[in-house]
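# Secondary and tertiary structure notes
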Amino acid sequence: MSAPRVTAPFAQRHGTGALVRLPAALGVATFALTACAGGGGQAADGSRQDARMSQAAAPPTGPTKITTGPELDFDLIPGNGKTVGTGQPVALEFAKPVKNKAAVEKALTVQTSNDTEGAWGWVTTPTGQDRLDWRPKDPWKPGTKVRVKGDLTTVDPGDGHFTRTLDRSFTIGRDQRLVADLDTHTLTVTRDGKVVRTIPMSGGEPVPGRASRPGTFAIESQEHQVHMTSASVGGPKEYDKQVYWAMRFSDSGGYLHAAPWADANGDLGVRNSSAGCIGMSDADAASLFKDSLLGDLVTIKGKEATTELGGPGNGFADWSLTWEQWQGKSALHH
């Protein structure tokens, strides 16, 4: 079941006592009656409004904050004010297990500038942490403005409490997608529906422990330099390398990165020889790194891929599920 989608514009206040039209920044025309400071005013029916009546009114009461139990913290991705790719989900990763998942989910809303359809879903990361993602039904439309809101301080998650509320905004950038074909050994880059380049690449060697994982992911980090060792992921061959221009798309160690050794061996565009990553020349990796955004979609496909997906919580692999499967990850469906 999709969470309610709210498209009201962000708050904007005017210091006049007239009926004003708020800018439809998020695609919704809204009117508000604003009031000047001072005493009583003339009501619409011509009667006099006494300022003392409003002064005597009882202050509004809101939900009570939860303060019992240990403090529960979370990370919210993406960062405030960021511009991200069309595959970026809203993601809350919790430091401790969340027992009352439905209550947390109900407290959150996602506002968009174009009524984007989407749904919350709970996933488990490879380290066992609870993560709550809001994924659109289809990749975001470029230029979409998104705002995430929710007062978690009034929510009882079970055995704990939150101390932070949410009010974060971000924007969707251009639509860039990467498709790594393990059969043709090419990485195809499309931008706004047009192929802009084709890069010779080498994927995971088709043997147990080294084959690439198939699926569609969103880039979750960009790192100029990464120290990669076989000890971190296992596998039948040992390696210890400094890797440059690296973009991570899975928590199990899936990266797009420069692989000058594969270039020197003549593997790029010819054969899959890596430990699961997508390797390319230094020049191609540096250029792609510069042109990419967090949240850009990456699809790994081909007969030489492993059959193991590793779950949608393995990075932002929410896109590896169908829309119906994703909707079933909501706690409100149970």
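We now turn to the structure provided with this report.

The next thing to look at is the overall build of the protein chain. Helix and strand content of the protein chain: 6 helices and 20 strands. Here the protein chain holds 334 residues, and 41% of them are scored as buried. For the protein chain, restricting intrachain contacts to residue pairs at least 6 apart in sequence, the fraction spanning at least 24 positions comes to 66%. Within the structure as shown, the protein chain displays about 16,700 Å² of accessible surface, and the carbon and sulfur contribution to it stands at 52%.

Let us now look at the packing of aromatic side chains. Scanning the model with the defined rule gives 8 aromatic pairs in all. Where Phe94 meets Trp122, the ring centres are 5.7 Å apart and the plane angle is 25°; that geometry is what we call stacked. Taken together, the positions of Phe94 in strand 6 (residues 90-94) and Trp122 in strand 8 (residues 118-124) put the pair 28 residues apart, joining distant regions of the chain. Trp122 shares its class with Phe94; the two are buried. Relative to Phe289, the ring of Trp245 lies with its centre 5.3 Å away and its plane at 65°, an arrangement referred to as edge-to-face. Highlighted residues: Trp245 in strand 17 (residues 240-248) and Phe289 in helix 5 (residues 282-291), separated in sequence by 44 residues. By relative accessible area, Trp245 is classed as partly exposed at 31%. The exposure class assigned to Phe289 is buried, which follows from its relative accessible area of 9%. The structure contains a cluster of three or more aromatic residues connected by ring pairs, namely Phe74, Phe94, Trp122 and Phe162. Above the ring of Trp122, the side-chain terminus of Lys101 is found at 5.4 Å from the ring centroid. When the ring centre of Trp261 is taken as origin, the NZ or CZ atom of Lys241, which lies over that ring, is 4.4 Å away.

This part takes up the sheet that holds strand 9 (residues 130-136). If you trace the 4 strands from one edge of the open sheet to the other, you get 4-6-9-8, paired in antiparallel fashion. Of all the strands in the sheet, just strand 4 (74-77) and strand 8 have a single pairing partner and so form its edges. Strand-to-strand twist across the sheet, computed as the mean angle between neighbouring axes with direction ignored, equals 15°.

Turning our attention to the sheet that holds strand 15 (residues 215-218). Spatially, 14-13-12-20-15 is the arrangement adopted by the 5 strands of the open sheet, whose pairing is mixed. With one partner strand each, in any of the chains shown, strand 14 (194-200) and strand 15 form the two edges of the open sheet. Going across the sheet, the axis of each strand differs from the next one's by a mean of 20°, ignoring polarity. Against the sheet, helix 5 engages strand 12 (176-181), strand 13 (186-191) and strand 14, with an angle of about 145° to strand 14.

Here Gly311 shows up in the loop between strand 20 (297-301) and helix 6 (323-327). Note on Gly311: relative accessible area 32%, which makes it partly exposed. Taking C-alpha positions, Gly311 is 8.6 Å from Pro126, a pair spaced 185 residues apart along the chain.

Analysis parameters
Residues numbered from 1 in each chain as written. Predicted model: local features only at pLDDT ≥ 70, side-chain atom pairs only at ≥ 80, totals over all residues. Heavy atoms only, no water. Helix = DSSP H or I, 4+ residues; strand = E, 2+ residues; numbered from the N terminus. Buried < 20%, exposed > 50% of the residue type's maximum accessible area, 1.4 Å probe, protein only. Contact = heavy atoms within 4.5 Å. Areas by Shrake-Rupley, 256 points an atom, 1.4 Å probe, with all protein chains shown as cover. Phe/Tyr/Trp six-rings, centres within 6.5 Å; stacked < 30°, edge-to-face > 60°. Lys NZ or Arg CZ within 6 Å of the ring centre and 35° of its normal. Pairing = 2+ DSSP bridges. Axes fitted to C-alpha atoms, helices over the stretch in contact; angles between N-to-C directions.

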